[in-house]
Amino acid sequence: MVVVGIPNSSLLQARKVLGKLPVCTHKKMMADEHCDVLILGAGAAGIGAARRLLEKKNDGVANNLKVIVLEARNRVGGRAWTSDELQCGLELDHGGKWIHGSTSQNPRNPMTELAERYQIPTTAGNNDNPTENITRVVLSTRGSGETMQSVVPKREAETASRLLYKQLCQLGQDSLIAPLMHSLPVETSYKDCLIEIANREMPGKSFAEWLEARARSTLIAAGNPNEKGSLVAETIALLRLHVYDWLESYEGCRLDQCSLLYTESDGTILPGSDADVAGGYGKLVQTLATSVPIDIRCGHRVVSIDRTSSLEHHNGNPQGGVVVCTEEDGSNSKKRFVARLGCIVALPLGVLQPSVDNPLVRDPVFIPPLPESLLGAVDRLAMCLMNKIEVLFPSRWWPDGIGSLTIASENGNASNDFPLDDMPWSHWIVEDDDPSLLVCYATGVFAERIETMSNEDVEREGVEALRHAFLDNEQGGSSNGTHITSIPDPVRTHVTKWRSDPFARGSWTFFKAGTRGMKDVRAFQKFNSEQGGVEKLYFAGEHTCDGSVAGLDIGTVHGAYLSGRLAAEELLIKNGANMEQTIVDRNSDDAACLREDT
C-alpha cells in the first residue's frame, strides 16, 4: 500500500494515516536473499525477461547472472492459463487463447517462432478444417404474454445493421462520430458521443427512440421502403451483435468507458491471421518457463519495492540495490530479496493501480513513490474485462462441422434508454465435439454481471439463452432452420472471474475515456530508458507495449513477452560496465553469508 501524495521519506506519517504498513521491518523476518536481478511476475513478460537475462552473450559466454522470479500464484503464465477445470480430459485456455498476427513474416511473431522451436503445433495458416457458424436473432413477441422468437437473420436487416455500425462506431466517410472526435472533451466515451449525436438530431427524445428512427431511415436508404417494425427490431439486434463483435469484444470494454479519441486511432498489431496453440497458450508459456533454468519462486506476493538504497547507490553508496519484500502464500511470513543490478516489474496494470475499495491505497508499495508522470499513466489507463463461461454437455447437440454459435438479441439486459449497453450470450465457440464443449465469451457490462453471479445462475441463464436461440420449433410451425430438437442440461460449468482475481484485476489494457492514448503507454518505456538505470527499476507487460518496436503490441501475449525481453535488454545495457564487478561482489557476499550460517 502507498498513500498518494505522501512525501517520499514519510513512512511514519503514512502509518499514522493507514495504520501499520506491510513493509519489511518485522524482527522475525527471514534472512535477506541476495541476487543480481529480481523479476516480479511469472507471466509472459516476466518469463521473457528471465530468458533474455539468462541467454549467452554474443561471444557465447553465459551472463552468469543470479536471477530470481517472484510469482504470487502457485503456477506460471499469469493471464495465459490453461487447465482442465471441467474434468473432462481436455485443457482449455481460460485467458489468452490466440497468437494474434501469427502469420506475420516481417517481423515474425515471437510466439509463433517459439512454438516452432519447441515443436508445439499451432493453427497458423492452417485452413484444412474450415467450420461454419450458426447465427440466430432472438426477438420479443409482445401480446397477451411476451415470448421469445428465434429467426434467421434477414439480408435486409444484416445490410442495414452493418451500415448503421459504420455510422455509429467507425471513422470512415459515413461516420457520425468522426466529425465530433476533436470537438468533444478528451474524457468523452463512445456512449457520450452517441448520446450527443442523438440529442442534436432529435432533441427531447431518448437515445432508444433516436436509434429506432435511425435504423428505420437506414433500412429505407438501403432499399427497403416498406420496412416493418420487426425488421427495425432485427436491425437493432444485429447492430448490438456488431458492437459486441467488432468493438466491445475486441477492446474488451463497455461503450461508456471506451475512449472516443484513442480507441480506433491508437495501438498496433502484427498483421496476419490468429492461431490456436496445441495444448493451450498457457502451456506454451509454461514451456518457455521450464525449458531454461529459471529460478521461479511461486507463492510470493510482493508487498513492497524499496528503491531507497538504489538511489543512494547512484549518489555514491556502492551497496545500493532494490529491496523487495514478499508475503508467502497469504501467511504473515515475510521475506526480503535484494537485487543488486535491478528489478523488473512485470505485474499486470490492474495490480499497479489503486485499490477499488480505497483509491488512496496502492498494493504493492513503491518506496519512494513512483514519479507522478508514471503514476498518472498507470491511473488513466484501464483494465478491460473478458470472462469465459465454459460448459461441458453430455453429448453434442449442435450440427456437425459447426465452429461457433452466435446470438443477436433485441435488448438483453440493456437499459431501455440505451439499448447498446449489455449484449449477453452473444458468442459461443465450439471447443470440441467430443467431449462436447462450448465456451461463451463475455465482455463489457455482461462480463461484470457474471462476476457477481453464482456458477449455478450463470449456467442456468446461459442454457436458457441457447434454448431460446437454437431450439427449432418445427412442430409448432415456426421453424428457425437449426433442426435442433433438444439441448440437454450441462454436466459441469466453469466460469472465469478475472476482475475478482487479486493477481490480475482484469483481462488486458484498453484506452479508457480520459486517457492520453499511446502517450500514457510510452511513459513506461520512457521511464525504463531515462530513469531505469538510476532507480534500478524497469517495467514490462502488455500495458507497456507502445509499438515502438514491431510486435510490441498492447493487449497481447506476444507483446508482453517482447516487453520483458526489452526491459531485460535495457537493464543489461545500463549495467554493462559494472556487471562483472557486481557479480564478483555478489559471490563474495554469498560466501560471507555461508560462513556466518555455518
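This is a predicted model, so every value here is computed, not measured.

A. Local environment of the overall build of the protein. The number of helices and strands found in the protein is 17 helices and 19 strands. Looking at the protein as a whole, 53% of its 598 residues qualify as buried. For the protein, the share of sequence-separated contacts (at least 6 apart) that also reach a separation of at least 24 residues comes to 74%. When the accessible area of the protein is evaluated, it comes to approximately 25900 Å², of which 48% is carbon and sulfur surface.

B. Inspection of the pairing of strand β9 (residues 322-328) at higher detail. Of all 7 residues in β9, 7 are buried, a share of seventy percent or more. Burial of β9 is two-sided: the residues Val322, Val324, Thr326 and Glu328 facing one way and the residues Val323, Cys325 and Glu327 facing the other way are all buried. As defined by bridge partners, strand β8 (residues 300-306) adjoins β9 across 6 bridges and the pair is classed as antiparallel. By the bridge assignment, His300 is partnered in β9 with Glu328. Bridge analysis of β9 against strand β10 (residues 334-345) gives 6 bridges, and the strand direction is antiparallel. Counterpart to Glu327 in the pairing with β10 is Lys334.

C. Spotlight on the pattern of salt bridges. Under the definition given, this model contains 33 salt bridges. The closest approach of N and O atoms between Arg216 and Glu212, which form a salt bridge, is 3.6 Å. Placement of the pair is Arg216 and Glu212 together in helix α6 (residues 207-221), with a separation of 4 residues, close to one helical turn. According to the relative accessible area criterion, Glu212 is partly exposed, its value standing at 37%. Here Arg307 makes a salt bridge to Glu535, at a shortest N to O gap of 2.6 Å.

D. Molecular detail of the confidence of the model for the protein. Averaged over all residues, the pLDDT of the protein equals 87, while 85% of them reach at least 70. Scored below 50 in pLDDT, residues 1-23 makes 40 contacts in the model with residues more than four places away or belonging to other chains.

E. Structural detail: the nonpolar core. Val345 and Phe539 are the most contacted members of the largest nonpolar core, which has 93 residues in total. When residues in this core are grouped by element, the largest group, 11 residues, is from helix α7 (residues 229-251). In this view, Phe539 contacts Val345, Leu352, Phe366, Leu370, Leu374, Phe524, Phe527, Asn528, Thr544 and Ala567; residues no more than four positions away in its chain are not counted.

F. Focus on unusual backbone geometry. Each neighbour pair has its own omega, and for Asp363 with Pro364 the value is 15 degrees, a cis peptide bond. Along the chain, Pro364 falls in the loop between α10 (349-352) and β11 (365-367). Between Ile367 and the following residue, Pro368, the backbone shows a cis peptide bond with an omega angle of -10 degrees. Of note, Pro368 is situated in the loop between β11 and α11 (372-380). The phi dihedral of Gln87 is positive, around 55 degrees, even though this residue is not glycine. Mapping Gln87 onto the fold places it in the loop between β3 (82-83) and β4 (92-93).

G. The packing of helix α2 (residues 44-54) against helix α16 (residues 557-574), seen in detail. Relative orientation of the contacting elements α2 and α16 amounts to 40 degrees, with a least axis distance of 7 Å. As judged from the angle between their axes, α2 and α16 are oblique. Crossing handedness for the pair α2 and α16: right-handed. Together, Ala44, Ala45, Ile47, Gly48, Ala49, Arg51, Arg52 and Leu53 of α2 and Val557, Ala560, Tyr561, Ser563, Gly564, Arg565, Ala568, Glu569, Leu571 and Leu572 of α16 make up the contact between the two elements. For the contact of α2 with α16, the residue count by class is 11 nonpolar, 3 polar and 4 charged.

H. Representation of the packing of aromatic side chains within the structure. In the structure shown here, the tally under the stated rule is 13 aromatic pairs. Considering the side-chain rings of Trp81 and Trp498, the 6.1 Å spacing of their centres and the 85 degrees angle between planes classify their relative orientation as edge-to-face. One end of the pair, Trp81, is in the loop between β2 (67-71) and β3; the other, Trp498, is in the loop between β17 (492-495) and β18 (509-510), and 417 residues separate them in sequence. By relative accessible area, Trp498 is classed as buried at 4%. Cluster of aromatic residues (ring-pair linked, three or more members): Phe366, Phe524, Phe527 and Phe539. If you follow Lys191 out to its NZ or CZ, it ends over the ring of Phe418, 4.8 Å from the centre. A cation over an aromatic ring shows up here: Lys335 above the ring of Phe337, its NZ or CZ 5.2 Å from the ring centre.

I. Region of the structure containing the pairing of β8. Extensive coverage of β8 is indicated by the burial of 5 of its 7 residues. Taken together, the 3 bridges between β8 and β11 define a ladder with parallel strand orientation. If you follow Asp306 over to β11, its bridge partner there is Ile367.

J. Focus on the environment of Arg380. As for its position among the elements, Arg380 is in helix α11. Measuring from C-alpha to C-alpha, the distance between Arg380 and Gly517 comes to 9.0 Å, with 137 residues separating the pair along the chain. When sequence neighbours within four positions are dropped, the list of residues in contact with Arg380 reads Lys512, Gly514, Thr515, Arg516 and Asp520. A distance of 2.8 Å separates a polar atom in the side chain of Arg380 from a polar atom in the side chain of Asp520.

K. Local environment of the side chain of Ser189. Along the chain, the position of Ser189 falls in the loop between α4 (155-169) and α5 (190-201). Each residue touching Ser189, except ones within four places of it in the same chain, is listed here: Leu255, Asp256, Gln257, Cys258, Leu260 and Ala513.

L. Structural view of the environment of Asp276. Residue placement: Asp276 occurs in the loop between α7 and α8 (281-290). Distance from Asp276 to Thr122, taken between C-alpha atoms, is 5.5 Å for residues 154 residues apart in sequence. Look past the residues within four positions of Asp276 in its chain and what remains in contact with it is Lys97, Trp98, Pro121, Thr122 and Thr123. A polar contact of 3.2 Å, which involves the side chain of Asp276, links it to the side chain of Lys97.

About the thresholds
- Residues numbered from 1 in each chain as written.
- Predicted model: local features only at pLDDT ≥ 70, side-chain atom pairs only at ≥ 80, totals over all residues.
- Heavy atoms only, no water.
- Helix = DSSP H or I, 4+ residues; strand = E, 2+ residues; numbered from the N terminus.
- Buried < 20%, exposed > 50% of the residue type's maximum accessible area, 1.4 Å probe, protein only.
- Contact = heavy atoms within 4.5 Å.
- Areas by Shrake-Rupley, 256 points an atom, 1.4 Å probe, with all protein chains shown as cover.
- Pairing = 2+ DSSP bridges.
- Salt bridge = Lys/Arg side-chain N within 4 Å of Asp/Glu carboxyl O.
- pLDDT = per-residue confidence, 0-100.
- Core = buried A, V, L, I, M, F, W, Y, C linked by side-chain atoms within 4.5 Å.
- Axes fitted to C-alpha atoms, helices over the stretch in contact; angles between N-to-C directions.
- Parallel < 35°, antiparallel > 145°, perpendicular 65-115°, else oblique.
- Left-handed = near helix turned anticlockwise from the far one by under 90°.
- Nonpolar A, V, L, I, M, F, W, Y, C, P; charged D, E, K, R; others polar.
- Phe/Tyr/Trp six-rings, centres within 6.5 Å; stacked < 30°, edge-to-face > 60°.
- Lys NZ or Arg CZ within 6 Å of the ring centre and 35° of its normal.
- Polar contact = N/O pair within 3.5 Å; in protein donor to acceptor, adjacent residues only side chain to side chain.

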